[in-house]
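Here is how the chains run, residue by residue.
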Amino acid sequence: MPADVDVVVIGAGVAGLEAARMAAALGHEVEIWDIAKSAGGQVPLALAAPDKEDVAGVWTYRVDEIKRLGVAIQLGVKITADALRLYAPDLVVVATGSRPRNLPMPLDVRVPVLQSWEALLNASAIKPGSKVTIIGGGMVGIETAEVLGVRGCAVTVIEMLPVVAREMARNNRYDVLARLEQYGIRLLTETTIEKVVDGKLVLIHKAERSFHDPGDAVVLAVGPEPNRDATAIIEE
C-alpha cells in the first residue's frame, strides 16, 4: 500500500480495529465506521460465558493502540455508497464479521426459537429455570448451555458430531464439560433432527428415532455465516 492513503475500515470489532491499527501504524489516515452504537463487535459474546476474563485483553490492547495512533471511530453511521463517495477514501476495508446462521429446515416447535447470541447477551431472553433445547454443540452452543445452566435452566444440547466443543482448547474443554455435568446438562451427541411432528423434534441417534419435547425455548447454535452486506454497498 502506498504511503499517505486515506482508509475507511467498516466494522469496529476486533478485526476492524486490527486492520485500522496496522494501517495507521504504517502512516495512513484511518477512520473506522460502524452502524452499531458501540464498538466491540462480537467481543461481548466472547466474554459472556463464565471464566472468559482473559479474553478481554484481545480487545483492550487494540482499543489502547487505536487511541494512541489517533484513529477516529465513527459509531451509529449509516453506511451508504453516497457516504463513501462523499468521504472519498483511497481504500475501504470491510471487517463486518459474521452473523448467526439459521437452520436449513423449518422449525415449527410452538415455542420461542432464539439465536445463541441473543441468549448469551440478554439475560431476560430466557427465564431462569426454563427447560431449553440447544441445537448445536460447538463452542458457542456449549458456552450458551453453561450460561443457562448457571441460571438454573434444564438444558439439552443436540449435536450431530461424536463430541461437543471440539474447537476448544483441551484444558478449557475439560473444565467446561465438568461444569456442565455439575449443572445436569444433557448432551446428545451423534444425533440429528429429522423433522418436527406436533411440536416435538424427531431425533435420530444411530438409526434409532425418538421424540424430544423442546421445552420452553429452542436456542440455535449452528455456527455463523459471513456478513457481506457492506460489500454490496461498496460495489454500488
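Now for a quick tour of the structure. Since this is a predicted model, take the numbers as computed values, not measurements. (Residues numbered from 1 in each chain as written. Predicted model: local features only at pLDDT ≥ 70, side-chain atom pairs only at ≥ 80, totals over all residues. Heavy atoms only, no water.)

Among the 5 residues of strand S7 (residues 131-135), 4 are classified as buried, and the element is accordingly described as predominantly covered. Examined bridge by bridge, S7 and strand S8 (residues 154-158) share 5 bridges and lie parallel to one another. Along S8, the bridge assignment pairs Thr-133 with Thr-156. On the question of chirality, the crossover connecting S7 to the parallel S8 by way of helix H6 (residues 139-150) is right-handed. Examined bridge by bridge, S7 and strand S13 (residues 217-220) share 4 bridges and lie parallel to one another. Each bridged residue has a counterpart across the sheet, and for Ile-135 the counterpart in S13 is Leu-220. (Buried < 20%, exposed > 50% of the residue type's maximum accessible area, 1.4 Å probe, protein only. Helix = DSSP H or I, 4+ residues; strand = E, 2+ residues; numbered from the N terminus. Pairing = 2+ DSSP bridges. Right-handed = clockwise from strand over helix to strand, strands pointing away.)

Here we come to the sheet that holds strand S11 (residues 200-205). Pairing is antiparallel across the open sheet formed by 3 strands, whose spatial order is S10-S11-S12. The open sheet has two edge strands, strand S10 (191-197) and strand S12 (208-212), and neither has a second partner. Neighbouring strand axes in the sheet, compared pairwise and without regard to direction, differ in orientation by 30° on average. Of the strand pairs in this sheet, S11 and S12 are connected by 5 bridges, and their pairing is antiparallel. Across the sheet, the residue bridging to Leu-203 is Ser-210, located in S12. (Axes fitted to C-alpha atoms, helices over the stretch in contact; angles between N-to-C directions.)

With that settled, the discussion passes to the packing of aromatic side chains. On inspection of all chains with the given rule, the structure shows 1 aromatic pair. Both rings, one in Trp-33 and one in Tyr-87, keep their centres 5.5 Å apart while their planes meet at 75°; by these two values the pair is edge-to-face. Of the two residues, Trp-33 is situated in strand S2 (residues 29-34) and Tyr-87 in helix H4 (residues 81-87); the sequence distance between them amounts to 54 residues. For Trp-33, a relative accessible area of 6% translates into the label buried. (Phe/Tyr/Trp six-rings, centres within 6.5 Å; stacked < 30°, edge-to-face > 60°.)

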